[in-house]
Amino acid sequence: MSRLLVNADDFGLHPDINRGILQCVAAGVVDSVSCVMNGGAAAEVAQPEWRVAGIALGVHLTLTGEPWLTDGRHIAGWHALLGRLARGGPAFLRRVRAEWESQLAAFLGHGLTPAHLDSHQHVHLLPGLWPLCLELQAAYRIPRVRLPLAPELRLARRTPASLLLQALARRRRREPREAGLIFDGF
């Protein structure tokens, strides 16, 4: 039996996004929320509405579009991140790990327990970042990693980037894992 889970991404990115998500929570149409801990409105993450509404909170690991907590660096988008991954090697991956751990620490610092991990622009699926995401999932005992998986390929956007994302999500879904994975569509 399938169950539709509605997740709201980008809480903490901007006060207007936060307000919209909180309205959806109040209306009872959201099951989970993914929080951007290095966003301009991340201080609003500790909301009493979460517990009252039974909302599962996750960490929306963010490397692009927002300044990093660790060193303030700014990477414009996933295209630029791909270049950094290709050129940076293990040293860059160590910086990514430190950044993601800082974001997890900021989330935990609000007294919250992460129910899932995912990422801004779905970059956690990229080679190099996927194993790191799974390491953090295990280290922090996070029950799930969300995959941006369309239920059928024909339902996905027909852009090269979207088709690549679907191929990566399908590959990640087939990998054996001890922990659960949530598969969700766009």
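Residues numbered from 1 in each chain as written. Predicted model: local features only at pLDDT ≥ 70, side-chain atom pairs only at ≥ 80, totals over all residues. Heavy atoms only, no water.

Q: Give a detailed account of the overall build of the protein chain, specifying residues and quantitative values.
A: From N to C terminus, the protein chain includes five helices and six strands. When the helices and strands of the protein chain are read in sequence order from the N terminus, they spell out β-α-β-α-β-α-β-α-β-α-β. Within the protein chain, buried positions represent 45% of all 186 residues. Within the protein chain, counting contacts between residues at least 6 apart in sequence, those at least 24 apart form 69% of the total. Put simply, the protein chain shows about 9500 Å² of open surface, and 56% of that area lies on carbon and sulfur atoms. (Helix = DSSP H or I, 4+ residues; strand = E, 2+ residues; numbered from the N terminus. Buried < 20%, exposed > 50% of the residue type's maximum accessible area, 1.4 Å probe, protein only. Contact = heavy atoms within 4.5 Å. Areas by Shrake-Rupley, 256 points an atom, 1.4 Å probe, with all protein chains shown as cover.)

Q: Give a description of the pattern of salt bridges that names residues and reports values.
A: By the definition in use, this model includes six salt bridges. In this structure, the salt-bridge partner of Glu101 is Arg97, at a minimum N-O distance of 3.5 Å. Within this pair, Glu101 and its partner Arg97 are both found in helix α3 (residues 78-108), separated by four residues, close to a single helical turn. (Salt bridge = Lys/Arg side-chain N within 4 Å of Asp/Glu carboxyl O.)

Q: I'd like a rundown of helix α4 (residues 129-139), residues and numbers included.
A: Burial in α4 covers these residues: Leu129, Trp130, Leu132, Cys133, Leu134, Leu136 and Gln137. Arg141, located one to two residues past α4, shows a positive phi value of around 55°.

Q: Describe the nonpolar core, naming the residues involved and giving the relevant values.
A: Within the largest apolar cluster, 43 residues are counted, with the highest numbers of intra-cluster contacts made by Val33, Trp50, Leu81, Trp100 and Leu129. If you tally residues by element for this core, the top one is α3, at seven residues. In this structure, Trp100 is in contact with Leu61, Thr62, Leu63, His124, Leu129, Leu132, Cys133 and Leu136, ignoring residues within four places of it in sequence. (Core = buried A, V, L, I, M, F, W, Y, C linked by side-chain atoms within 4.5 Å.)

Q: How would you explain the packing of α3 against α4 if you had to name every residue and give the values?
A: Interaxial distance between α3 and α4 falls to 10 Å at its minimum, and their mutual angle equals 15°. The pairing of α3 with α4 is recorded here as roughly parallel in orientation. Between α3 and α4 the crossing geometry is right-handed. Facing α3, whose interface residues are Leu81, Leu85, Leu93, Val96, Arg97, Trp100, Glu101 and Leu104, α4 presents Leu129, Leu132, Cys133, Glu135 and Leu136. Broken down by class, the residue content of the contact of α3 with α4 amounts to ten nonpolar, no polar and three charged. (Axes fitted to C-alpha atoms, helices over the stretch in contact; angles between N-to-C directions. Parallel < 35°, antiparallel > 145°, perpendicular 65-115°, else oblique. Left-handed = near helix turned anticlockwise from the far one by under 90°. Nonpolar A, V, L, I, M, F, W, Y, C, P; charged D, E, K, R; others polar.)

Q: Go over helix α5 (residues 160-174) with me, naming the residues and quoting the values.
A: For α5, with 15 residues, the first-to-last C-alpha span of 22 Å sits near the 21 Å given by 1.5 Å per residue. Listed in full, the buried residues belonging to α5 are Ser162, Leu165, Gln166, Leu168, Ala169, Arg170 and Arg172. (Expected span 1.5 Å × (residues − 1).)

Structural measurements only, silent on function.
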